[in-house]
Amino acid sequence: MSSGSFEFTGSIVALVTPMDANGHVDKASLKKLVDYHVVSGTSAIVSVGTTGESATLSHDEHGDVVLTTVELADGRIPVIAGTGANATAEAISLTKRFENSGVVGCLTVTPYYNKPSQEGLYQHFKTIAENTDLPQILYNVPSRTGCDLLPSTVARLAKIKNIVAIKEATGNLNRVSQIQELVNDDSFILLSGDDASGLDFIQLGGKGVISVTANVAAPEIAKLCELALNGQFTEARKLNNCLMDLHYQLFVEPNPIPVKWGCHKLGLIADDTVRLPMTPLTDAGKALVEKALRTAGLL
């Protein structure tokens, strides 16, 4: 599937990377996940984003998981590669690895820990974009990275031809209008990166959600986005109310610990293994996530 044939809208899952009890990538479970999202109506898969544990996969593993996901998708669902890094050269290297691979674009998180200035962020994303033809989705999640990609910088970056969208995960709904006021290109796409406020984000003009919840509730998030994008907000809100506890409890411990356990509980993956320094979901966390899955009608 070529990048030109896909619009970055709707329910896009930030896919977990399943691992076996020894911490190795579990390709059988990965296939099961891909098939689940194909039949559930998910618009696209983000492979090895931050929910996919990009921070603890080796470079070789990172590339292999993305390419395997593309292979398993077999043209049935678009795949977006996570290519973020806190060194610009590393992000470019990852991006180049996926050129001509079948991915429809790249999701690139703001550099973490080194806290670049707004000019540094601009130069980082600009330099990546200039080194590839692949469509680029900016990813702003200050709570995890320690830096905030401000609307004024987003507007500068939106002028670059292959920077086509932003995953805005601050949970600050004011960002929608702030970015819209500054970006003059109607084709630039705003995507929520926060499930709890995703419906409101779409109602304000966003085009979809890059979702953690979709890992365990793919048909529901796909339907939610479809209703919202069609302006059927009353129906969408009823569905979202059933999912709201799940949106929150999937972050009761650091992501992706709870959602991996949820996937395992639902039989979507064989094991809920995460790599150190992440640790398994606590018993208290399990009780909360299980209750939320039941409230959502998933158990």
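Values in this document were obtained by computation on a predicted structure and should not be read as measured data.

**Q** Would you explain helix H9 (residues 218–229) in this entry?
**A** Every α-helix carries 3.6 residues per turn, so stepping three or four residues along brings you back to the same face. The end-to-end C-alpha distance of H9, which contains twelve residues, comes to 16 Å, matching closely the 16 Å that a straight helix rising 1.5 Å per residue would cover. Buried positions along H9 lie against strand E1 (10–14), helix H1 (27–40), helix H8 (198–203), strand E8 (208–211) and helix H10 (233–249). Gly 231 sits one or two positions beyond H9 and adopts a positive phi of about 80°.

**Q** Teacher, can you tell me more about the packing of helix H2 (residues 59–73) against helix H3 (residues 88–97) here?
**A** For any two helices packed against each other, the geometry is given by the interaxial angle and the distance between the axes. Across the interface, H2 lies against H3 with an axial gap of 10 Å and an inter-helix angle of 35°. Seen along the crossing, H2 lies across H3 with a hand that is right-handed. Where H2 approaches H3, its residues His 59, Asp 60, His 62, Gly 63 and Asp 64 are matched on the opposing element by Glu 90, Leu 94 and Arg 97. Looking at the contact of H2 with H3, its residues break down into one nonpolar, three polar and four charged.

**Q** Explanation requested: the side chain of Thr 42 in the structure shown.
**A** When you line up the elements, Thr 42 lands in the loop between H1 and strand E2 (44–47). Engagement of the side chain of Thr 42 in a polar contact is seen with the side chain of His 37, the distance being 2.9 Å. Once residues lying within four places of it in the same chain are set aside, the contact partners of Thr 42 are Ser 11, Ile 12, Val 13, His 37, Ile 77, Ala 218 and Ala 222.

**Q** What's the story with the pattern of salt bridges in this structure? I'm lost.
**A** Side chains bearing opposite charge may pair, as long as their charged atoms lie close to each other. By the definition in use, this model includes twelve salt bridges. As a salt-bridge pair, Arg 275 and Glu 61 come within 2.7 Å of each other at their nearest N and O atoms. One end of the pair, Arg 275, is in the loop between helix H11 (257–265) and helix H12 (283–295); the other, Glu 61, is in helix H2, with 214 residues separating them in the sequence. Between Glu 130 and Lys 126 there is a salt bridge, with its nearest N and O atoms 2.8 Å apart. Separated by four residues within a single helix, Glu 130 and Lys 126 lie in helix H4 (residues 118–130), roughly one turn from each other. Through salt bridges with shared partners, one network takes in Lys 31, Asp 35 and Arg 76.

Conventions and cut-offs
Residues numbered from 1 in each chain as written. Predicted model: local features only at pLDDT ≥ 70, side-chain atom pairs only at ≥ 80, totals over all residues. Heavy atoms only, no water. Helix = DSSP H or I, 4+ residues; strand = E, 2+ residues; numbered from the N terminus. Expected span 1.5 Å × (residues − 1). Contact = heavy atoms within 4.5 Å. Axes fitted to C-alpha atoms, helices over the stretch in contact; angles between N-to-C directions. Left-handed = near helix turned anticlockwise from the far one by under 90°. Nonpolar A, V, L, I, M, F, W, Y, C, P; charged D, E, K, R; others polar. Polar contact = N/O pair within 3.5 Å; in protein donor to acceptor, adjacent residues only side chain to side chain. Salt bridge = Lys/Arg side-chain N within 4 Å of Asp/Glu carboxyl O.

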